[in-house]
Amino acid sequence: MDSIAVLGATGSIGKSALKVIALHPERFKISALSGYSRIELLSELVMRYKPDTAVVAPNSAEQLKNLLKTTPSSPAVLEGEQGLCEIVSRQQTDTVIAGISGAAGLASTMAAIKAGKKVLIANKEPLVMLGEAVGDAAQRSGAQILPVDSEHNAIFQCLPRRAQQLCVSGNLSGSRVLNNQFGIRRITLTASGGPFLNTPLSELSNVSPDQAAAHPKWSMGRKISIDSATLMNKGLEIIEACVLFGIDPADIDVVIHPQSVVHCLVEYKDGSILAQMGNPDMRTPITAALGFPDRLISGTRRLDICDIGQLTFLQPDGDRYPCLSLARRAAEAGGTAPAALNAANEEAVTAFCEGRIRFTGIYPLVDQTMQRVESQQSTSLESVLSVDRKTREVARSLLDCKVSVSSTRAVNL
């Protein structure tokens, strides 16, 4: 039995992972769940899946315990980042599903890697912010790293088995092994284009957070859905691909693919292109990562290519998606530039959701923040967290300058 800790169990990734795990009770056992502030939902999951331990936000343990006091065998309840690091590091944990969004999941993901666990990385931040340090830590500890992000898992599935093994062990990070040893020429990431693919540019300044979060294909959390609307998510995925697969940013393309059926294309030097296809359902990459190297049932609907009819691919419009080029520049700069990009974007998306800036203000805020933050080459956890903190301070100060305290009207920076 594979004992699994699911971090971010109440989020979209966590809920999809639990559905997959439930299909294979003979193979997987849930040992720990975390849910941070969604305590009532976490209590329901704890009663259903019966983990040994649950982790909640600081000062929330009593609330969960009260909800579970009628349960015959209540789990141990831990709090905060310390609790997360404890459950991923303990001996009885075999696999960690890192599904906490934002920089909040950084320390626990690194703790799991340093503890030598099988780590399914679903949140972008560890790879974006820590870069090659993730691969270095895996090589030292013997941890296994498997990407759950749909595009990176798709790339992984299109690689030769030997290349997959190197990827899992962190040995592709910081190298050009895929290019030099396995004959890979380019990697193409696909993007749906988000909800505003065909919206006139003149109307984008008036779209609401709810409209931006209404992804046309994927069921995801609010923040990543908005990143899909700006295409920042695809920019962050370029950075992730560079780290996971040792690919230069110049060797990664992005194309708009509205049907969201083809999740990646891997081009080889002999002219062959391998593509991974499937319905837009996160249970597919989660199952591929959980079962690797075996193939397991995911519970997803079978893809019927005749129903699809045709597949469309378009070049991204730079005027519609300026965040993409901003992310490319951060990928090329390396060091702590991707961490600053991620922090600035999180602050901008939060400001948009709070009505402080317009949708079209996200890119300018991130761009202006990046111009004011000095990049460092070190990607140690301490350096990254320091840059993350400083970047957020810069972004907030820019917001304070641009938005009057007495004004409730969102502005374009």
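The following paragraphs examine the structure supplied in this document.

Cut-off values and rules
Residues numbered from 1 in each chain as written. Predicted model: local features only at pLDDT ≥ 70, side-chain atom pairs only at ≥ 80, totals over all residues. Heavy atoms only, no water. Helix = DSSP H or I, 4+ residues; strand = E, 2+ residues; numbered from the N terminus. Buried < 20%, exposed > 50% of the residue type's maximum accessible area, 1.4 Å probe, protein only. Contact = heavy atoms within 4.5 Å. Phe/Tyr/Trp six-rings, centres within 6.5 Å; stacked < 30°, edge-to-face > 60°. Pairing = 2+ DSSP bridges. Axes fitted to C-alpha atoms, helices over the stretch in contact; angles between N-to-C directions. Core = buried A, V, L, I, M, F, W, Y, C linked by side-chain atoms within 4.5 Å. Parallel < 35°, antiparallel > 145°, perpendicular 65-115°, else oblique. Left-handed = near helix turned anticlockwise from the far one by under 90°. Nonpolar A, V, L, I, M, F, W, Y, C, P; charged D, E, K, R; others polar.

## Looking at the side chain of Asn 179
Part 1 of the argument: In this structure, Asn 179 sits in helix α10 (residues 177-182).
Part 2 of the argument: On the accessibility criterion, Asn 179 (4% relative accessible area) is buried.
Part 3 of the argument: Not counting chain neighbours up to four residues away, the residues in contact with Asn 179 comprise Ile 184, Arg 185, Gly 246, Ile 247, Asp 251 and Lys 269.

## Regarding unusual backbone geometry
Part 1 of the argument: The step from Phe 292 to Pro 293 runs through a cis peptide bond, and the omega angle for that step is 5°.
Part 2 of the argument: The backbone of Asn 59 shows a phi angle near 70°, a positive value even though the residue is not glycine.
Part 3 of the argument: Note that Asn 59 resides in the loop between β3 (53-56) and α3 (61-68).
Part 4 of the argument: Residue Ser 260 is not a glycine yet carries a positive backbone phi of 55°.
Part 5 of the argument: On the secondary structure map, Ser 260 appears in the loop between β9 (252-256) and β10 (262-268).
Part 6 of the argument: Its relative accessible area of 5% is what places Ser 260 among the buried residues.

## Side note on the packing of aromatic side chains
Part 1 of the argument: A complete count under the given rule lists 3 aromatic pairs for this structure.
Part 2 of the argument: Relative to Phe 359, the ring of Phe 196 has its centre 5.2 Å away and its plane inclined at 75°; by these criteria the two rings are edge-to-face. You can see Phe 196 sitting in the loop between β8 (184-191) and α11 (209-212) and its partner Phe 359 sitting in the loop between α17 (337-353) and α18 (362-372), a full 163 residues away along the chain. In terms of burial, Phe 196 and Phe 359 fall into one category: buried.
Part 3 of the argument: With centroids separated by 5.7 Å and ring planes inclined at 65°, the aromatic side chains of Phe 352 and Phe 359 adopt a geometry described as edge-to-face.
Part 4 of the argument: An aromatic cluster is built from Phe 196, Phe 352 and Phe 359, whose rings are joined through pairwise contacts.

## With respect to the sheet that holds strand β2 (residues 28-36)
Part 1 of the argument: Reading across from one edge, β4-β3-β2-β1-β5-β6-β7 is the order of the 7 strands in this open sheet, with parallel pairing throughout. Across the chains shown, the open sheet's two edge strands, defined by having one partner strand only, are β4 (76-79) and β7 (144-147). Strand after strand, the sheet turns through a mean of 20° between neighbouring axes, direction not considered.
Part 2 of the argument: The strands touched by helix α14 (residues 283-291) are β1 (2-7), β2, β5 (95-98), β6 (118-121) and β7; relative to β6, the strand with the most contacts, the crossing angle is about 165°.

## Brief notes about the environment of Glu 44
Part 1 of the argument: Looking at where Glu 44 falls in the secondary structure, it is placed in helix α2 (residues 39-49).
Part 2 of the argument: As for Glu 44 and Leu 68, which are separated by 24 residues in sequence, their C-alpha atoms are 8.9 Å apart.

## Remarks on the sheet that holds β8
Part 1 of the argument: With mixed pairing, the 4 strands of this open sheet are ordered in space as β9-β8-β10-β11. Taken across any chain shown, the strands that pair with only one partner, and hence form the sheet edges, are β9 and β11 (273-277). Each strand of the sheet is rotated relative to its neighbour by a mean of 20°, with strand direction disregarded.
Part 2 of the argument: Bridging between β8 and β10 involves 5 bridges; their strand directions are antiparallel. Directly across from Thr 188, in β10, lies its bridge partner Leu 265.

## Regarding the nonpolar core
Part 1 of the argument: One finds Ile 113, Phe 245 and Leu 341 to be the most contacted residues of the largest nonpolar core, which totals 130 residues.
Part 2 of the argument: Not counting residues up to four positions away in its chain, the partners in contact with Leu 341 are Met 232, Leu 236, Ile 239, Leu 326, Ala 327, Ala 330, Val 366 and Met 370.

## Focus on the packing of helix α16 (residues 322-333) against α18
Part 1 of the argument: Packing of α16 against α18 leaves a shortest axis separation of 10 Å and a crossing angle of 20°. Relative to α18, the element α16 lies roughly parallel. Classified by chirality, the crossing of α18 by α16 is left-handed. Residues Pro 322, Cys 323, Leu 326, Arg 329 and Ala 330 of α16 pack against Tyr 363, Val 366, Asp 367 and Met 370 of α18.
Part 2 of the argument: Grouping the constituent residues of the contact of α16 with α18 by class yields 7 nonpolar, no polar and 2 charged.

## Thoughts on the environment of Ala 163
Part 1 of the argument: As for its placement among the helices and strands, Ala 163 is situated in helix α9 (residues 161-168).
Part 2 of the argument: Placed 19 residues apart in sequence, Ala 163 and Phe 182 show a C-alpha to C-alpha distance of 7.5 Å.
Part 3 of the argument: Ignoring sequence-local partners within four residues, the contact set of Ala 163 consists of Leu 172, Leu 178 and Phe 182.

## Observations regarding the side chain of Ser 3
Part 1 of the argument: Checked against the element boundaries, Ser 3 lands in strand β1.
Part 2 of the argument: Since its relative accessible area comes to 10%, Ser 3 is described here as buried.
Part 3 of the argument: The residues touching Ser 3, leaving out its near neighbours within four places in the chain, are Lys 29, Ser 31, Gln 92, Thr 93, Asp 94 and Thr 95.

Any functional reading would require information that these geometric values do not contain.
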